[in-house]
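Overview (structure and organization)
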Amino acid sequence: DCKKAELRKMPSAPKKSSKKATHKFTIDVASPVDDGIMDPASFEKYLHDRIKVGGKAGQLGDVVKISRDKSKINVTVKGQL
């Protein structure tokens with residue numbers, strides 16, 4: 001007797017995305033800068049010194065990037081917040 005073998009595809013594990021979520025924040029400091037209240041470079045340094053990654057302030061590594069473009073400060077976060 002020849003029995004036909006039934007082939008079933010095993011359910012595959014869900015694929016994990018290799019890309020991590022990226023969050024981008026833009027802070028417009030034009031008004032305080034124009035009024036002479038704030039210096040954008042000082043605020044950028046403040047953010048760099050105060051943002052915590054892994055519970056440690058000032059050690060941003062490759063997870064957080066802070067950049068300044070005239071009167072706008074961009075904060076880019078790779079991964080979860």
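Summary of the structure given here.

What counts and what doesn't
Residues numbered from 1 in each chain as written. Predicted model: local features only at pLDDT ≥ 70, side-chain atom pairs only at ≥ 80, totals over all residues. Heavy atoms only, no water. Core = buried A, V, L, I, M, F, W, Y, C linked by side-chain atoms within 4.5 Å. Buried < 20%, exposed > 50% of the residue type's maximum accessible area, 1.4 Å probe, protein only. Helix = DSSP H or I, 4+ residues; strand = E, 2+ residues; numbered from the N terminus. Contact = heavy atoms within 4.5 Å. Phe/Tyr/Trp six-rings, centres within 6.5 Å; stacked < 30°, edge-to-face > 60°.

1. Things to note about the nonpolar core
In terms of nonpolar packing, the biggest core is built from seven residues, these being Leu 47, Leu 60, Val 64, Ile 66, Ile 73, Val 75 and Val 77. Looking at this core, the elements with two or more residues in it are strand S4 (64-69) and strand S5 (72-78). Of the residues forming this core, the biggest block, three residues, is contributed by S5. If we skip the residues at most four places from it in the chain, Leu 60 touches His 48, Ile 51, Val 53 and Ile 66.

2. A short note on the packing of aromatic side chains
Under the counting rule described, the total for this entry stands at one aromatic pair. Note on Phe 43 and Tyr 46: the rings are 6.2 Å apart at their centroids and 15 degrees apart in plane angle, and the pair reads as stacked. Linking Phe 43 with Tyr 46, this pair stays in helix H2 (residues 40-50), spanning three residues, or about one helical turn.

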